[in-house]
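The chain contents come next:
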Amino acid sequence: MIEVRNLAFGYPQGGFALSVTALAVAPGESVAVVGPSGCGKTTLLHLLAGILAPASGSVVVDGVDVAELGREDRQDFRALAVGLVFQEFELLDYLDVLDNVLLPYRVSPALTLDGEARQRAALLVEQVGLGEKRCSYPRRLSQGERQRVAVCRSLVTRPKVLFGDEPTANLDADNRDHVMDTLFRYRVEQRAPLVVVTHDRELHGRFDTVADVRELTA
Ligand code: ADP
Ligand code: MG
């Protein structure tokens, strides 16, 4: 489902570089990505998600080699196939909860905002306990509520693969568990690979595999 081979990447201007010989994540498999700050966890996730393109090697996600795609095709692929939850939520202040969830449909020409997508957004918002706040703006929400909105956004497009970049780092234990439960439920229901960067050792037991970026890139 996710298969990386001989991947090499370096930021322009000769800064940080990273290479991964082999990495595979099966449908429905969950992987926690760990490693010290600055070791390349976010970079690796962005390579898997098609946000960054490798210099060489292949990154096959749901049967598509993302490394072979040009910039626009990669953006379309990401919109259609990838769900990603950021640490910092990345909500827009001037959009209410539902419109924040539906943001991928506003920014990607590959997605069409139809009644079904709106229904799905409303259902997701309901499922994470924000039904009554669906018309609220982010500044009126708690941290945990904001992250739940971000989780709904990552799921509304029904992605084939799901990524989290320290998605629970700013949350208390209850909200952390709620967010992880939602991501793990999606993984089971859709048999989607789930790859999450997390420093939280208490969470590591939930994952099938714990992968240290330093070992992957050694
Ligand atoms: P982690 O998520 O493990 O903390 P990152 O993947 O964010 O690490 O960063 C790995 C290294 O790449 C760091 O040294 C960081 O400074 C560098 N880096 C991150 N983003 C960029 C960028 N856009 N351009 C150049 N260097 C970057
Ligand atoms: Mg990071």
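Asker: For the overall build of the protein, give the residues involved together with the corresponding values.
Answerer: Looking only at helices and strands, one finds nine helices and nine strands in the protein. Over its C-alpha trace the protein gives a radius of gyration of 17 Å, about what one expects of a compact globule, namely 17 Å for 218 residues. Taking the principal axes of the C-alpha coordinates as reference, the protein spans close to 50 × 40 × 35 Å. Looking at the 218 residues of the protein, the share that counts as buried comes to 51%. Long-range pairs, those at least 24 residues apart, make up 73% of the contacts in the protein with a sequence separation of at least 6. As presented, the protein carries roughly 10600 Å² of accessible surface, and 46% of it is formed by carbon and sulfur atoms. Across the protein, the mean location of the 24 positive side-chain charges is 3 Å away from that of the 30 negative side-chain charges.

Asker: Describe the nonpolar core, naming the residues involved and giving the relevant values.
Answerer: Ranked by size, the top nonpolar core spans 35 residues in total, and within it Val101, Val149, Val156, Leu183 and Phe207 carry the most contacts. Within the residue set of this core, elements represented by two or more residues are helix H3 (97-101), helix H5 (115-127), helix H6 (143-155), helix H7 (173-190) and strand S8 (194-197). With residues near it in sequence (within four places) discarded, valine 101 still touches Ala121, Val125, Val149, Cys152, Arg153 and Val156. Of all hydrophobic cores here, the second largest spans 31 residues; its members include Val33, Leu47, Phe163 and Leu216.

Asker: Which residues make up the site of ligand 1, and what values do they have?
Answerer: In the vicinity of ligand 1, the contacting residues are Tyr11, Phe16, Pro36, Ser37, Gly38, Cys39, Gly40, Lys41, Thr42 and Thr43. At a separation of 2.7 Å, an oxygen atom of ligand 1 approaches a polar backbone atom of glycine 38. Contact between ligand 1 and cysteine 39: an oxygen atom at 3.3 Å from a main-chain N or O atom of the residue. Calculation on ligand 1 without its partners gives an accessible area of 560 Å², and the protein chains cover 57% of this total. Residue classes in the shell around ligand 1 are distributed as four nonpolar, five polar and one charged.

Parameters at a glance
Residues numbered from 1 in each chain as written. Chains lettered and ligands numbered in written order. Predicted model: local features only at pLDDT ≥ 70, side-chain atom pairs only at ≥ 80, totals over all residues. Heavy atoms only, no water. Helix = DSSP H or I, 4+ residues; strand = E, 2+ residues; numbered from the N terminus. Rg over C-alpha atoms; globule rule 2.2 N^0.38 Å. Buried < 20%, exposed > 50% of the residue type's maximum accessible area, 1.4 Å probe, protein only. Contact = heavy atoms within 4.5 Å. Areas by Shrake-Rupley, 256 points an atom, 1.4 Å probe, with all protein chains shown as cover. Lys, Arg positive; Asp, Glu negative; His and termini not counted. Charge placed at Lys NZ, Arg CZ, Asp CG, Glu CD. Core = buried A, V, L, I, M, F, W, Y, C linked by side-chain atoms within 4.5 Å. Near = heavy atom within 4 Å. Polar contact = N/O pair within 3.5 Å; in protein donor to acceptor, adjacent residues only side chain to side chain. Nonpolar A, V, L, I, M, F, W, Y, C, P; charged D, E, K, R; others polar.

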